[in-house]
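Take a look at the letters that make up each chain.
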Amino acid sequence: MTIERVGVIGAGQMGGGIAHVLALAGYDVSLSDVNSSLIDKAIGAIRKNMGRQAGRDIIKETDIEPAIARIKPVVELGGLADCDLVIESVVENDAVKKSIFQELAKILKPETIIATNTSCISVTRLAAASGRPERFIGLHFFNPVPMMKLVEVIRGIATADATYEAVLAVVRRVGKTPAEAGDFPGFIVNRILLPLINEAVYTLYEGVGTIEAIDTCMKLGANHPMGPLQLADFIGLDTLLYAMEVMHTGLGDSKYRPCPLLIKYVEAGWHGRKTGRGFYDYHGEQPVPTR
């Protein structure tokens, strides 16, 4: 099928980033959120980020306004009725996502494809709530979307070949590299990455090293561009904890058990950069380790 209009549900950092790359690739984008001010904020951030890209000669300055003009703010889900593809990118919560898909089932054209940007939840389970499992798929973009080249493509047990091929064309048109991942908790990247971060938290919890020492060791000793605790703050400790719990429950292996210290940080509301404090405190000019 031909996909020209794409709906994006959720105007947060991920949803805004997805709308950004879609609009630059020439798609008409309907950006939806229950909070209209978040949509306005997202479009402002998209314009700013496109300006940065133009400053680095990644895109042309003349590309910006036509791309912004292709993004239509939508508050009610009913505004997505004419979309050929809808990408959900809301909070990582099974119940919230399912309720959205159940609403979409009443609104969308029968041939419209639904994709979820979940990073760890079963695509097959979410697809069952959509009423169109054969036209449902996982498209896991990475943050920040305009910069990160990978998209994990996850087929549910009922995803049709035509659905898979249609979304592959979208992924390639926006300049990303698709990688097919099996529908198991964490998929590929998070299945490997999050236990590494969780082990770094255990290393801190057990007093093997300080925050600064752990991040320095992994940056200089393993040539990682960012230390694991710094990366945890960037991802969001609440998001990290939820994903670890999904993998621990879904796979039943103790190696995915979230570190108690991670749980404490989340309980304290220290969720990382987005709250101003996680493993680092971000209130000053430079991040400062909190332990």
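Rules behind the numbers
- Residues numbered from 1 in each chain as written.
- Predicted model: local features only at pLDDT ≥ 70, side-chain atom pairs only at ≥ 80, totals over all residues.
- Heavy atoms only, no water.
- UniProt positions renumbered as here; feature names shortened; annotations may be inferred.
- Buried < 20%, exposed > 50% of the residue type's maximum accessible area, 1.4 Å probe, protein only.
- Helix = DSSP H or I, 4+ residues; strand = E, 2+ residues; numbered from the N terminus.
- Pairing = 2+ DSSP bridges.
- Right-handed = clockwise from strand over helix to strand, strands pointing away.
- Axes fitted to C-alpha atoms, helices over the stretch in contact; angles between N-to-C directions.
- Parallel < 35°, antiparallel > 145°, perpendicular 65-115°, else oblique.
- Left-handed = near helix turned anticlockwise from the far one by under 90°.
- Contact = heavy atoms within 4.5 Å.
- Nonpolar A, V, L, I, M, F, W, Y, C, P; charged D, E, K, R; others polar.
- Phe/Tyr/Trp six-rings, centres within 6.5 Å; stacked < 30°, edge-to-face > 60°.
- Lys NZ or Arg CZ within 6 Å of the ring centre and 35° of its normal.

- As annotated in an unreviewed UniProt entry, the chain carries the name 3-hydroxybutyryl-CoA dehydrogenase and comes from Rhizomicrobium electricum.
- Heading Sequence similarities (unreviewed entry) of the UniProt record for the chain holds this comment: "Belongs to the 3-hydroxyacyl-CoA dehydrogenase family."

**A look at the pairing of strand S2 (residues 28-32)**
At step 1: Most of S2 is tucked away: 4 of the 5 residues are buried.
At step 2: Pairing of strand S1 (residues 5-9) with S2, which is carried by 5 bridges, proceeds in the parallel orientation. Looking at S2, one finds that Val6 is bridged to Val29.
At step 3: Read as a crossover between parallel neighbours, the route from S1 over helix H1 (residues 13-24) to S2 is right-handed.
At step 4: Alignment of S2 against strand S3 (residues 71-74), held across 4 bridges, turns out to be parallel. Bridged to Ser32 within S3 is Val74.

**Focus: the packing of helix H10 (residues 237-251) against helix H11 (residues 260-267)**
At step 1: It is the contact of H10 with H11, at a shortest axis distance of 9 Å, that shows an interaxial angle of 135°. Between H10 and H11, the interaxial angle falls into the category oblique. The interaxial crossing formed by H10 with H11 has left-handed handedness. Counted together, Leu237, Asp238, Leu240 and Leu241 of H10 and Leu262, Ile263, Tyr265 and Val266 of H11 form the full contact between these two elements.
At step 2: Taken together, the residues of the contact of H10 with H11 break down into 7 nonpolar, no polar and 1 charged.

**Focus: the packing of aromatic side chains**
At step 1: Evaluated as defined, the whole model comprises 5 aromatic pairs.
At step 2: Each ring, one from Tyr280 and one from Tyr282, has its centre 6.4 Å from the other, and the planes form 55°; the classification is tilted. When sorted by exposure, Tyr280 lands in the same class as Tyr282, which is buried.
At step 3: These aromatic residues form a ring-pair network of at least three members: Tyr265, Trp270 and Phe279.
At step 4: The side chain of Arg173 reaches across the aromatic face of Tyr27, ending 3.8 Å from its centre.

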